[in-house]
Amino acid sequence: MTWVGVLIALAGALGYAVGAAMQQFEAVAEGASLRLVRRPRWWIGGVIGFTGACLHAVALSFAPLVAVQPISVATLVFAVPLAAFMYGRKPYRAEILGSAAVAVGLLWLMLLVPQHSVTPRLSSGAALGFLAVIGLIVLVTQVLGNRAQGPSKALLLSVGAGVVTASVSTFVRVVGGGMQGDWGRLLHWFTVAVPVLLVCAVVLLQRSYAVGYFGIAYAGVQVIDPITSVLAGAILLGEPLPTSASTAIPALIAASLTIGGTITLGRLAPDHSKPVAATTESRPLTATSDLN
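What you see is a predicted model, and the numbers here were worked out from it, not measured in a lab.

A. Region of interest: the overall build of the protein. Regarding its fold elements, the protein presents 10 helices and zero strands. From first element to last, N terminus to C terminus, the protein shows the α and β order α-α-α-α-α-α-α-α-α-α. Counting only contacts in the protein whose residues sit at least 6 apart along the sequence, the fraction spanning at least 24 positions is 81%. As presented, the protein carries roughly 13500 Å² of accessible surface, and 71% of it is formed by carbon and sulfur atoms.

Pasting the structure below:
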């Protein structure tokens, strides 16, 4: 049934990309505040993104984290051009290349992780420890993000959003994959944790989007989410990691692609919901030839 999960994950990831682009446009206009609830397009983006997340959750009940998570990464190639379209401009060539590099590199890394069919099991103690680590990472990234500016701020905030999003995927995998037709297993605090963590992830995502650097914010989440999920799967759920020496060189190449693509996206100027005077500060110095 793994292929069914992959197809569902692909549909969900596309919906998530569209929703993210729409919400980022509104977050830049209003900031990450309660004023966003008055923006119809933010709600539409939220519904589309939530639908994508639900499909992702369904996919996790059919396939393990290591098979489903890489699918969401590929949508980075679509999300950045969609965000550019929202502002009525063509995407910079650097945006396309940076997005593709991150997606290909991270997808390659994820594909190096072997698949398995072990039923996920997680104790309450391990789950609480996991949440404590996630909370600490969020606290540190938020404090540092509040002191940073520009792409560094967007990246730091996206790291916090990414680890919380990964925690949602981890708990969904445990709940959905561990049901095995027994609906009574839903009566567990893990089930309650999923929507709570999802709300936290949405808030943190809006904060990272509001900085204006959609490319690096979205890339940050897409990098941190699957890596954290795979690590959680390996450490907490017993999912295997690649141990063959033959995977070391491909993994280094894939990691280099991911890092290079993220740096490229980080050098681009932020989007704005209102016209901004053409200055050397409001446009990327390396992408002026990419507008055509």
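On we go.
B. Quick look at helix α4 (residues 76–86). Here α4 has its buried residues at Leu76, Ala79, Val80, Ala83 and Ala84. Along the axis of α4, the buried positions cluster into a sector of 135 degrees, meaning they face one direction only. Downstream of α4 by a residue or two, Gly88 has a phi angle that is positive, lying close to 70 degrees.

C. Main features of the side chain of Thr141. For Thr141, the position within the fold is in helix α6 (residues 124–147). Looking at Thr141, its side chain comes within polar contact range of the main-chain oxygen of Val138, at 3.0 Å. Once residues within four sequence positions are removed from consideration, Thr141 is found in contact with Leu156, Leu157, Val159 and Gly160.

D. Main features of the packing of α4 against helix α9 (residues 214–236). Direction vectors running N to C along α4 and α9 enclose 155 degrees, while the axes themselves pass 10 Å from each other. Overall, the two elements α4 and α9 adopt an arrangement that is roughly antiparallel. For α4 against α9, the interelement crossing comes out right-handed. Of the residues in α9, those touching α4 at Leu76, Ala79, Val80 and Ala83 are Phe214, Gly215, Tyr218 and Ala219.

E. Up close: the pattern of salt bridges. Using the criterion set out here, one finds three salt bridges in the structure. A salt bridge links Arg39 to Glu26; the shortest N-O distance between them is 2.4 Å. In this pair, Arg39 is assigned in the loop between α1 (2–30) and α2 (40–62) and Glu26 in helix α1, connecting sequence segments 13 residues apart. Take Glu26: its relative accessible area is 2%, and that puts it in the buried class. With a shortest N-O distance of 2.8 Å, Arg41 and Glu26 are connected by a salt bridge.

F. Focus on a nonpolar patch on the surface. On the surface, a cluster of nonpolar side chains totalling about 380 Å² of accessible area is made up of Leu10, Leu14, Val18, Phe78 and Leu82. Where the nonpolar patch is concerned, the elements lending two or more residues are α1 and α4. The dominant element in the nonpolar patch, judged by the number of residues it contributes, is α1, at three residues. In this fold, Val18 is placed in helix α1.

Scoring rules and cut-offs
Residue indices follow the written sequence of each chain, beginning from 1 at its first position. Note on the predicted model: pLDDT of at least 70 is required for a residue's local features to be given, and 80 or more for side-chain atom pairs to be given and counted; whole-chain, interface and lining totals, by contrast, use all residues. Side-chain metrics in this entry use all non-hydrogen atoms of the structure; hydrogen atoms and water are not considered. By definition, any uninterrupted DSSP run of H or I lasting at least four residues is a helix, any uninterrupted run of E lasting at least two residues is a strand, and each is numbered from the N terminus. In what follows, a contact means two residues having at least one pair of non-hydrogen atoms within 4.5 Å. Each accessible area is a Shrake-Rupley estimate made with a 1.4 Å probe; only the visible protein chains count as cover when residues are assessed. For each residue, the accessible area found with a 1.4 Å probe, counting protein chains only, is set against the maximum for its type, and the residue is called buried under 20%, exposed over 50%, and partly exposed in between. In this context, the arc is that of the directions from the helix axis out to the C-beta atoms. Two N or O atoms form a polar contact when they lie within 3.5 Å of each other; inside protein one atom must be a possible hydrogen donor and the other a possible acceptor, and for residues adjacent in sequence the pair counts only when both atoms belong to side chains. Axes, fitted as lines to C-alpha atoms, cover a helix only where it is in contact. Angles between the N-to-C directions of the axes lie from 0 to 180 degrees. Angle categories are assigned with fixed cut-offs, so that under 35 degrees is roughly parallel, over 145 is roughly antiparallel, 65 to 115 is roughly perpendicular, and the rest are oblique. We call a crossing left-handed when the near helix sits turned anticlockwise from the far one by less than a right angle, and right-handed when that turn is clockwise. Any carboxyl oxygen of Asp or Glu that lies within 4 Å of a side-chain nitrogen of Lys or Arg is treated as forming a salt bridge with it. Each patch is built from salt-bridge-free residues with over 30% relative accessible area, joining like charges within 9 Å and nonpolar side chains (Val, Leu, Ile, Met, Phe, Trp, Tyr) within 5 Å.

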